[in-house]
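In case you want the letters, here they are:
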Amino acid sequence: MLKDTRSPSAAAAQAPSPTAEERSVPQAAKHPVAHTVHGRRRVDPYDWLRAANWQEVMRQPETLDAEIRGFLEAENAHLEAGMADTAGLQETLFAEMKGRIKEDDSTVPSPDGPFAYGVSYVTGGQHPRLVREPREGGAEEVLIDGDREAGGKAYFRLAGAMHSPDHSRLAWACDDTGSEFYTLRIRDLATGKDLDDTIPDTGGGGVWSACGRHVFYVRLDANHRPSKLFRHEVGSDPTSDVLVYEESDPGFFMGVGKTQSGAYLTIDIHDHETSETWLIPAGDPTAAPRLVAPRETGVEYSVEDDGAGRLFILTNAGGAEDFRIVTAQADEVLASPGRETWRDLVPHKPGRLILSHTLYAKHMVRLEREDGLPRIVVHRIADAVEHPISFAEEAYSLGLSDGYEFNTNRIRFSYSSMTTPAQVFDYDMETRERTLRKTQEVPSGHDTDAYVTRRIHAPAEDGETVPVTLLYRKDTPLDGSAPCLLYGYGSYGITIPASFSTTCLSLVDRGFVYAIAHVRGGKDKGFRWYRDGRREKKVNTFTDFIAAARHLASENITSADRIVAQGGSAGGMLMGAVANMAPEAFGGIIAEVPFVDVLNTMLDDTLPLTPPEWPEWGNPVASETDYDTIAAYSPYDNVVAQAYPPLLAVGGLTDPRVTYWEPAKWVARLRELRTNDAPLYLKTNMEAGHGGASGRFDRLKEVALVYAFALKVTGRS
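My aim in this report is to walk through the structure given alongside it, one point at a time. (Residues numbered from 1 in each chain as written. Predicted model: local features only at pLDDT ≥ 70, side-chain atom pairs only at ≥ 80, totals over all residues. Heavy atoms only, no water.)

**Points about the packing of helix α10 (residues 539–554) against helix α11 (residues 570–581)**
Stage number 1. It is the contact of α10 with α11, at a shortest axis distance of 10 Å, that shows an interaxial angle of 70 degrees. Taken together, the axes of α10 and α11 lie roughly perpendicular to each other. Remark: the crossing between α10 and α11 carries right-handed chirality. Here Val539, Thr541, Phe542, Thr543, Phe545 and Ile546 of α10 come into contact with α11, specifically with Met573, Leu574, Met575, Ala577, Val578 and Met581.
Stage number 2. The residue inventory of the contact of α10 with α11, partitioned by class, reads ten nonpolar, two polar and no charged. (Axes fitted to C-alpha atoms, helices over the stretch in contact; angles between N-to-C directions. Helix = DSSP H or I, 4+ residues; strand = E, 2+ residues; numbered from the N terminus. Parallel < 35°, antiparallel > 145°, perpendicular 65-115°, else oblique. Left-handed = near helix turned anticlockwise from the far one by under 90°. Contact = heavy atoms within 4.5 Å. Nonpolar A, V, L, I, M, F, W, Y, C, P; charged D, E, K, R; others polar.)

Laid out in structure tokens, this is it:
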């Protein structure tokens, strides 16, 4: 081998200059911290990225430690340098996606007494307006102008809003940091001005008593847990609000609502496998809450009523894994809480998962899923005659709107598929007549016939089959050459619907196959599908997703190096796990607000969601077995010295659900240990939380970045 005899300066002069991306690669400092639990010792070199004052940072992002901020900003700069060549593409993608949105869009108004309420946008507006109009038609009245309320704020999101029974006031809430600590206000609708009743740190929104003098709301504690229910009398000092109920177990969430009849206010207490409901007569707001049935681990139930003293309860009690609906007399149950008097109305049927139920004066409506597809069933209370509302497509999405009214024969539902824009129907439960009220407009145009939606089934390692929904253009070659974006979630029993999306068309129109893997951990194939993808069986979620990717490649729908995996939150944890387990199966990975530091988070009961999450993942504090289970897959803890595919991680500084340091630590460890130099980027939104940017157009810019990454790593940019 010839020896280079050039002088060091001469050799350097002829060496290629480092690119802006190479110059910007951040190097995270290492400050090792040792943890020993159940005799297992771990060393975490990037523990320092978690700010000691994280609770303060959620409310005041400017208080973030300078060293941590410097690292996050350096990663943002590295991303900007690495993606600089896609700047024009991102602008094009944004323009396309914006062009598919009807900028002055509005919902179909929902009637309630003399008015009909809805949401509308103005051309160029980022935020929704809450509006109403006379029921029989007339001038629109703007109740809340989101753009005006957001003025001068880096972040703004409207939360719940509910008008009082006499339509004179509006209880509404907003968040202006992304931390999901919502401020509740009361607006006088005659003057359009807010009263002095300003209530901070709520869970968002409020529920009115029947008299309209009281608002019930949930307050969050310092650790972001909904632990206390208060009653506020309009016009009084919020500091004197009455504590109605306090949940002492930090492992439970709490919410407040109202039955469709309006007869009861409901206090819903739950974790991911157990629930408990207390009722307060809406007409007697100062009455003490009354228990329906005491909580029992693994038993869930939710309550509606018929307005005549009978409760209709959706539950899995009595071994009804896929749920049943029972009835009971309210006075009997509230006098002696328990399940002894519950009687079947809709018995349990294995494989038919009942998702929700709503009561009207003459009918009960339930949303259920069977054979992987949703359907709506109408049950007439007088004679128990039932009929389903049927649909023809192979894969589709249904949404059911409860509306405001109880004494009605009409319900409203929405329908869409991967190829069919959303349609809103009114449905007469007696005549069975459907009335199309709205079809989603795509201003730049959409030809449904140019696309194909299919559902295929990928064989899993253990003999199960994993449903995969596909969308692609009819002219896309299925010979292995097409790139594919494969989306997955697989936690909490959440099912990812096969619904219409205007954003993914920007990939599909560039030759991508867009795929959704309906992996275990969701309820796509019934409750069993969820049970088999949680706690000690969590690994099934990951192997299902890998099986879906490999099946897509084996069927020549795409190829491994052209598959970009995408998931967010718990789906981001899925991304981290499959990156460790099967990096060769993917050509790129996009992990948005990824829950990747699972073990550390589940060991820390001071974090907002940790105790309520133990039923989902296991409790590694109390259980050595749970510790070992989580340690075996926790993405951050299982990064190893191997080649990883190109990867983009996205986080939010004020995110209370997946804290910003999870993706930051993960990327730092990946950069330290990986054996290749594929693109590796971290984007931290310094002015937002879990949902990213709050404005509808600002959010599209974030989607454009993600899609530009997918196009770049598959050679389509």
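**Details of the sheet that holds strand β37 (residues 588–592)**
Stage number 1. The strand order β32-β33-β35-β34-β36-β37-β38-β39 describes an open sheet built from eight strands, whose pairing is mixed. If you trace the sheet from one side to the other, it starts and ends with β32 (451–459) and β39 (680–685), each paired once. Along the sheet, successive strands turn relative to each other by an average axial angle of 20 degrees, direction set aside.
Stage number 2. Of the strand pairs in this sheet, β37 and strand β38 (residues 647–652) are connected by four bridges, and their pairing is parallel. Bridged to Ile589 within β38 is Leu647.
Stage number 3. Against the sheet, helix α4 (residues 66–82) contacts β38 and β39, and its axis sits at roughly 120 degrees relative to β39.
Stage number 4. This element, α10, spans β32, β33 (465–473), β34 (484–488), β35 (513–517) and β36 (563–568) of the sheet and lies at about 120 degrees to β32. (Pairing = 2+ DSSP bridges.)

**Things to note about the pattern of salt bridges**
Stage number 1. Counted according to the given criterion, the structure contains 54 salt bridges.
Stage number 2. Between Arg352 and Glu368 there is a salt bridge; the shortest N-O distance is 4.0 Å. Taken together, the positions of Arg352 in strand β24 (residues 352–359) and Glu368 in strand β25 (residues 363–370) put the pair 16 residues apart, joining distant regions of the chain. Taken individually, Arg352 and Glu368 each receive the classification buried, so the pair is uniform in this respect.
Stage number 3. Salt bridges sharing common partners tie together Lys349, Arg352, Arg366, Glu368, Glu370, Arg375 and Glu386. (Salt bridge = Lys/Arg side-chain N within 4 Å of Asp/Glu carboxyl O. Buried < 20%, exposed > 50% of the residue type's maximum accessible area, 1.4 Å probe, protein only.)

**Comments concerning helix α5 (residues 87–99)**
Stage number 1. A rise of 1.5 Å per residue sets the reference length of α5, with its 13 residues, at 18 Å; its end C-alpha atoms lie 18 Å apart and thus fit the reference within 8%.
Stage number 2. If you check which residues of α5 are buried, you get Leu89, Gln90, Leu93, Phe94 and Met97. Viewed along the axis of α5, the buried residues span an arc of 135 degrees, placing them on a single side of the element.
Stage number 3. Along its buried surface, α5 packs onto α8 (505–508) and α16 (696–713). (Expected span 1.5 Å × (residues − 1). Arc of directions from axis to C-beta.)

**A few points about empty space enclosed by the protein**
Stage number 1. Within the structure shown, the criterion is met by one cavity of 30 Å³ or more.
Stage number 2. When its residues are assigned to classes, the lining of the largest cavity shows five nonpolar, four polar and one charged. (1 Å grid on protein atoms, 1.4 Å probe; cavity = no way out; pocket = protein on both sides within 12 Å on 5 of 7 lines; lining within 4 Å. Points joined across faces, edges and corners; volume = space filled by probe spheres on them.)

**With respect to the nonpolar core**
Stage number 1. The biggest cluster of nonpolar side chains holds 117 residues, and the ones touching the most others in it are Leu72 and Phe545.
Stage number 2. At eleven residues, the largest contribution of residues to this core is made by α16.
Stage number 3. Those residues within four positions of Phe545 in sequence are excluded, and the remaining contacts are Leu486, Tyr487, Gly488, Ala517, Val519, Ala565, Leu574, Met575, Val578 and Phe586.
Stage number 4. Counting residues in hydrophobic clusters, the runner-up holds 31 residues, among them Leu229, Val299, Tyr301 and Leu311. (Core = buried A, V, L, I, M, F, W, Y, C linked by side-chain atoms within 4.5 Å.)

**Remarks on the sheet that holds strand β4 (residues 115–120)**
Stage number 1. Pairing is antiparallel in the open sheet, where four strands are placed in the order β3-β4-β5-β6. At either end of the open sheet lies a strand with only one pairing partner, and these are β3 (110–112) and β6 (141–145). Pairs of neighbouring strands in the sheet enclose a mean axial angle of 25 degrees, with direction left out of account.
Stage number 2. Pairing of strand β5 (residues 129–134) with β6 involves four bridges; the strand directions are antiparallel. Considered in β6, the bridge of Val131 is made with Val142.

**Concerning the packing of aromatic side chains**
Describing an aromatic ring pair means giving the distance of the ring centres and the angle of the ring planes.
Stage number 1. Under the definition given, this model contains 21 aromatic pairs.
Stage number 2. For the ring pair Trp48 and Phe71, a centre distance of 6.3 Å and an interplane angle of 70 degrees mean the geometry is edge-to-face. Placement of Trp48 in the loop between β2 (40–44) and α3 (54–59) and of Phe71 in helix α4 is noted, with a sequence separation of 23 residues between them.
Stage number 3. Residue Trp48 is classed as buried on the basis of its relative accessible area, which comes to 14%.
Stage number 4. Taking the relative accessible area as the measure of exposure, Phe71 reaches 7% and is therefore buried.
Stage number 5. Look at Tyr660 and Trp661: their rings are 5.3 Å apart centre to centre, the planes differ by 85 degrees, and that puts the pair in the edge-to-face class. The pair formed by Tyr660 and Trp661 is uniform in burial state, with each residue classed as buried.
Stage number 6. Every member of this aromatic cluster is reached through a ring pair, and the members are Phe391, Tyr396, Phe413, Tyr415, Phe425 and Tyr427.
Stage number 7. Positioned above the aromatic ring of Phe252, the side-chain terminus of Arg295 is 4.6 Å from the ring centre. (Phe/Tyr/Trp six-rings, centres within 6.5 Å; stacked < 30°, edge-to-face > 60°. Lys NZ or Arg CZ within 6 Å of the ring centre and 35° of its normal.)

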